[in-house]
Amino acid sequence: GAGVSQSPSNKVTEKGKDVELRCDPISGHTALYWYRQSLGQGLEFLIYFQGNSAPDKSGLPSDRFSAERTGGSVSTLTIQRTQQEDSAVYLCASSLEPNLWTVAYEQYFGPGTRLTVT
Amino acid sequence: DQQVKQNSPSLSVQEGRISILNCDYTNSMFDYFLWYKKYPAEGPTFLISISSIKDKNEDGRFTVFLNKSAKHLSLHIVPSQPGDSAVYFCAASGAGGNKLVFGAGTILRVKS
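Residues numbered from 1 in each chain as written. Chains lettered and ligands numbered in written order. Predicted model: local features only at pLDDT ≥ 70, side-chain atom pairs only at ≥ 80, totals over all residues. Heavy atoms only, no water.

(A) Quick peek at the overall build of chain A. Broken down by element type, chain A carries zero helices and ten strands. Secondary structure of chain A in N-to-C order comes out as β-β-β-β-β-β-β-β-β-β. Expected size for 118 residues packed as a compact globule is a radius of gyration near 13 Å; at 14 Å, chain A falls within 12% of this value. In terms of principal-axis extent, the alpha carbons of chain A reach across some 45 × 30 × 30 Å. Among the 118 residues that make up chain A, the fraction classed as buried is 47%. The long-range share in chain A, meaning contacts at least 24 apart out of those at least 6 apart in sequence, stands at 57%. When the accessible surface of chain A is totalled, it reaches about 5900 Å², and 47% of it is carbon and sulfur. (Helix = DSSP H or I, 4+ residues; strand = E, 2+ residues; numbered from the N terminus. Rg over C-alpha atoms; globule rule 2.2 N^0.38 Å. Buried < 20%, exposed > 50% of the residue type's maximum accessible area, 1.4 Å probe, protein only. Contact = heavy atoms within 4.5 Å. Areas by Shrake-Rupley, 256 points an atom, 1.4 Å probe, with all protein chains shown as cover.)

The following block contains the structure:
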């Protein structure tokens, strides 16, 4: 079946502009995650959506970052007034939701969006 | 403060030999550990995982070992193949398996 898809694959924007990144999770996956990977760094958690619950926004680095998930499926990550330090690969992942019998499910990642802020 | 550490930025191994990738963690609340493999310009792909109630999990050429007292886990690949050359990330999650905390990754090069 189809995996996680993200668009655009590459985005170059000028400092101060807003950008929107899109993620289409795997059908049937109720959990959706955003991470980013800066050059030479590991993946950094940004935000997590779980079904209809309030999202876990604890990883968002500033109030310029926001995300929404419409209809429990597609998600968009918005970065307002972009700064050069926002340049990174933004990765989306989805998974089934852990339950009483399962500690966790593995997350499946999309190919990422490479954001460059000039 | 890095909660998951991969102290070796890179590792070079001869084809057919064993590759051992190491990972240390500091948060005793972590109860699920995963290894991901990443090729350039692609997202990470899940490789193997282990729950904190186990100390070993094996899947084909890949085995993950967990030493909870030392807060250490390792990934063994045997025999190593050139196609295994990639960046390997160690990740951990707490109860509920929500967000993953990743290490910085280790670049594995398998020479033929």
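(B) Examining the pairing of strand S9 (residues 86-93) of chain B more closely. Residue and element names in this part refer to chain B. Counting buried residues in S9 gives seven out of eight residues, a clear majority hidden from the surface. In this sheet, S9 lies alongside strand S4 (residues 32-38) in antiparallel orientation, the contact comprising seven bridges. The partner of Phe 33 across the bridge, within S9, is Ala 92. Sheet analysis places S9 next to strand S11 (residues 106-111), joined by three bridges and oriented antiparallel. Directly across from Val 87, in S11, lies its bridge partner Ile 107. When S9 meets strand S10 (residues 101-102), the two strands line up antiparallel, connected through two bridges. Bridged to Ala 92 within S10 is Val 101. (Pairing = 2+ DSSP bridges.)

(C) Looking closely at the interface of chain A and chain B. Each partner contributes to the interface: chain A provides 20 residues, whereas chain B provides 21 residues. For the chain A and chain B pair, buried surface summed over both sides reaches about 1600 Å², with 61% attributable to carbon and sulfur atoms. There are zero salt bridges connecting chain A and chain B. Where chain A touches chain B, the interface holds three residue pairs in polar contact (both at pLDDT 80 or more). Those elements giving two or more residues to the side of chain A that touches chain B turn out to be strand S4 (31-37) and strand S5 (43-50) of chain A. Of the residues assigned to the side of chain A that touches chain B, the class counts are eleven nonpolar, six polar and three charged. (Buried area = accessible area lost by both parts, 1.4 Å probe. Salt bridge = Lys/Arg side-chain N within 4 Å of Asp/Glu carboxyl O. Polar contact = N/O pair within 3.5 Å; in protein donor to acceptor, adjacent residues only side chain to side chain. Nonpolar A, V, L, I, M, F, W, Y, C, P; charged D, E, K, R; others polar.)

(D) Representation of the sheet that holds strand S3 (residues 19-24) of chain A. All names here are of chain A. Read across the open sheet, the four strands follow the order S1-S3-S7-S6; overall the sheet is antiparallel. Either end of the sheet is taken by a strand with one partner, and the two such strands are strand S1 (5-7) and strand S6 (65-69). Between one strand axis and the next, the sheet turns by 15° as a mean value, whatever way the strands run. For S1 and S3, the ladder comprises three bridges, and the chain directions are antiparallel. Bridge pairing in S3 places Ser 7 opposite Arg 22. (Axes fitted to C-alpha atoms, helices over the stretch in contact; angles between N-to-C directions.)

(E) Highlighting the sheet that holds strand S6 (residues 56-59) of chain B. With antiparallel pairing, the five strands of this open sheet are ordered in space as S1-S3-S8-S7-S6 (chain B). Both outer strands of the open sheet, strand S1 (4-5) and S6 of chain B, are each paired with one neighbouring strand and no more.

(F) Fine view of the pairing of strand S8 (residues 88-95) of chain A. Residue and element names in this part refer to chain A. Among the eight residues of S8, eight are classified as buried, and the element is accordingly described as predominantly covered. Of the two faces of S8, the one lined by Ala 88, Tyr 90, Cys 92 and Ser 94 and the one lined by Val 89, Leu 91, Ala 93 and Ser 95 are each fully buried. When S4 meets S8, the two strands line up antiparallel, connected through seven bridges. Opposite Trp 34, over in S8, you have Cys 92 as the bridge partner. By the bridge criterion, three bridges tie S8 to strand S10 (residues 113-117) in an arrangement that is antiparallel. Considered in S10, the bridge of Tyr 90 is made with Thr 113. Pairing geometry for S8 and strand S9 (residues 108-109), over two bridges, is antiparallel. When the sheet's bridge partners are listed, Ser 94 is paired in S9 with Tyr 108.

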